[in-house]
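Single-letter residue listing:
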Amino acid sequence: MISLYVHVPFCRRKCPYCDFYSSDTNLDILDHYHHDLIKHLQVARLGGWKGPVKTLFFGGGTPSLLTPNQVALLVDAVDQQFGFAPGAEITMEGNPSSLNHENLSGFRNAGVNRLSIGVQSLDETHLTLLGRQHTAGQAEKVFCQARKAGFDNLGADLMFALPGESLSDLERDLDRFLRLEAEHLSCYGLTIEPGTEFAARRDKGEFALPDEDRYADQYQHLHDRLSSVGYRHYEIANYCQPGFECQHNLNYWQRRSFLGIGAGAHSFSLREWGVREAVPPDLERYSRLLAGGHDPAELLERFDREGATRETVYLALRSADGLDAEAFLDRFGESFDQMFADEILKSAPWLSREESHWRLQVGGWLIFDHLISRFL
Ligand code: SF4
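This is a predicted model, so every value here is computed, not measured. Chains are numbered independently. Their residues run from 1 in the order of the written sequence. This being a predicted model, a pLDDT of at least 70 is required before a residue's local features are given, and a value of 80 or more before pairs of side-chain atoms are given or counted; all residues contribute to the totals for chains, interfaces and linings. Only hydrogens and water are set aside when side-chain values are computed; all heavy atoms of the structure are taken into account.

## Some points on the layout of surface pockets
For the record, the criterion: Here a cavity is any set of points on a 1 Å grid over the protein atoms alone where a 1.4 Å probe fits but cannot get out, and a pocket is any open set with protein on both sides within 12 Å along at least 5 of 7 lines; a residue lines the site when it has an atom within 4 Å of a point. Grid points are joined across faces, edges and corners, and a volume is the space filled by probe spheres set on the points. In DSSP terms, a helix is any run of H or I states spanning at least four residues, a strand is any run of E spanning at least two, and both are numbered starting from the N terminus. Polar here means any residue outside two lists: the nonpolar Ala, Val, Leu, Ile, Met, Phe, Trp, Tyr, Cys and Pro, and the charged Asp, Glu, Lys and Arg; Gly therefore counts as polar.
For the second largest pocket, the calculated volume is near 440 Å³. Forming the walls of the second largest pocket are 18 residues, and the residues nearest its centre are Trp253, Gln254, Thr312, Ala316 and Ala327. Those elements that provide at least two residues to the lining of the second largest pocket are helix H9 (247–253), helix H11 (305–316), strand S13 (323–324) and helix H12 (325–332). Examining the composition of the lining of the second largest pocket, we find that 4 residues originate from one element, H12, more than from any other. Partitioning the lining of the second largest pocket into residue classes produces 8 nonpolar, 5 polar and 5 charged.

## Some thoughts on a negative patch on the surface
The cut-off we apply is this: Patch building starts from residues that exceed 30% relative accessible area and form no salt bridge, then joins like charges within 9 Å and nonpolar side chains (Val, Leu, Ile, Met, Phe, Trp, Tyr) within 5 Å. Residue-level accessible areas treat just the shown protein chains as cover; the underlying method is Shrake-Rupley with a 1.4 Å probe. We define a salt bridge as a contact between a side-chain nitrogen of Lys or Arg and a carboxyl oxygen of Asp or Glu at a distance within 4 Å. His is not counted here, nor are the chain ends, while Lys and Arg score as positive and Asp and Glu score as negative. Throughout, a charge is located at the NZ atom of Lys, the CZ atom of Arg, the CG atom of Asp or the CD atom of Glu. In this scheme, a residue with accessible area under 20% of its type's maximum is buried, one over 50% is exposed, and one in between is partly exposed, where area comes from a 1.4 Å probe on protein chains only.
Negative charge collects at one region of the surface, where Asp211, Glu212, Asp213 and Asp217 lie side by side. Inspection of the secondary structure puts aspartate 213 in helix H8 (residues 212–228). In this structure aspartate 213 comes out as exposed when scored by relative accessible area, which is 56%.

## A word on unusual backbone geometry
In this structure, proline 52 follows glycine 51 across a cis peptide bond, with omega equal to 0°. In this structure, proline 52 sits in the loop between helix H1 (27–46) and strand S2 (53–60). In this structure, glycine 61 follows glycine 60 across a cis peptide bond, with omega equal to 20°. Looking at the element boundaries, glycine 61 is found in the loop between S2 and helix H2 (68–81).

## Thoughts on H2
Using the following cut-off: A helix's residues, less one, multiplied by 1.5 Å, set its expected span. This arc is built from the directions going out from the helix axis to the C-beta atoms. We call two residues in contact whenever any of their non-hydrogen atoms come within 4.5 Å of each other.
For H2, with 14 residues, the first-to-last C-alpha span of 20 Å sits near the 20 Å given by 1.5 Å per residue. Of all the positions in H2, only Gln70, Val71, Leu74, Val75, Ala77, Val78 and Gln81 are classed as buried. Each buried residue of H2 lies within a common arc of 160° when the element is viewed along its axis, so the set occupies one face. Along H2, the residues that are exposed and aim more than 90 degrees away from the buried face are Asn69 and Gln80. In this fold, the buried residues of H2 make contact with strand S1 (2–8), H1, S2, strand S3 (84–94) and helix H3 (101–109). Looking one or two residues past H2, glycine 83 carries a phi angle of roughly 75°, positive in sign.

## Comments concerning the domain arrangement of the protein chain
To be explicit about the condition: Bear in mind that the domain bounds are from an automatic or database domain assignment. Buried area counts how much accessible surface, traced with a 1.4 Å probe, disappears from two parts once they are put together, with both parts' losses summed.
Each domain of the protein chain was delimited in the assignment, giving domain 1 (2–252) and domain 2 (320–375). Spacing between the C-alpha centres of domain 1 and domain 2 amounts to 29 Å. Between domain 1 and domain 2 lies a buried interface of about 730 Å² when both sides are counted; carbon and sulfur atoms form 72% of it. Ranking the residues of domain 1 by area buried against domain 2 places Tyr219, Arg232 and Ile236 at the top, with a combined share of 50%.

Rendered as structure tokens:
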């Protein structure tokens, strides 16, 4: 069984903080691209990828710019090439500005059973600052429309640690988010990436991000509040109602194989110690290679045992399930406790063992980059 990621690298307009690969779009480009994706599925199967697909994830970019008919054709093509496992999770990311009653029903009928909506904030000042194309009211309306269209697994993205945001601002935003009754919430602190419009504005002194203490207060506040109303904090940035973990992302954190389709997509195959491939983010090249029946993916990294060990630790400690010491011993023929005895000692009290699982506390997640660097 595999997980399948379909990358849709188009957005109506670039958000000023975003450094993901995405291009402007029009209907012709999307139509052409969705045909390329279908060709790519076929090329990947001929290249040795095997189903059935247990999770399918349309990410981007803005996949909700595809029409329901294009999504239905893609879901059919996945079924034809690989088949679906029973109960497969089919997720689509979407923005409130490109979702409406009609396309929501269409996406649901096409087989999408989980939506992840890029809300980011329900505060108008923050939405304007972030350059988003929707209002808070629009985002709330899209949630109601999605429920009416039959979605019973909805996620929302929430951004915190915004310039000038206080704890009480976050608390107000969170009150509105909780009224959405989303099954899943992804909570990301804003970061300023090199080369973005935000980086230029920060450099001109137009704004600054909250300092480390304020970031930590907001992160801890999100954890406390969301846990108190029944959400499970199951990964550094992700919360869900019980039983609504994103199966597709769990697959990444468990370091299992996944196939990436589309310009800019990555794949990982667990053969030997692991092989990572990437499709360069170049639409012209992508289309040309597929037209000739060639695989557009290029080798990015071939792991050795040490690299596989370190990546396993890095991914596992991000999640609440943590690192399974027995599975680690089976996989690598050496005990995690012995291999990393010094690092484990230095990471107390953030890292602890319960039965066979090593887990980081929430305070450890807050300084994850610092702690994990010891294991890498
Ligand atoms: S919609 Fe998402 S992917 Fe597109 S520019 Fe904005 S943040 Fe980036």
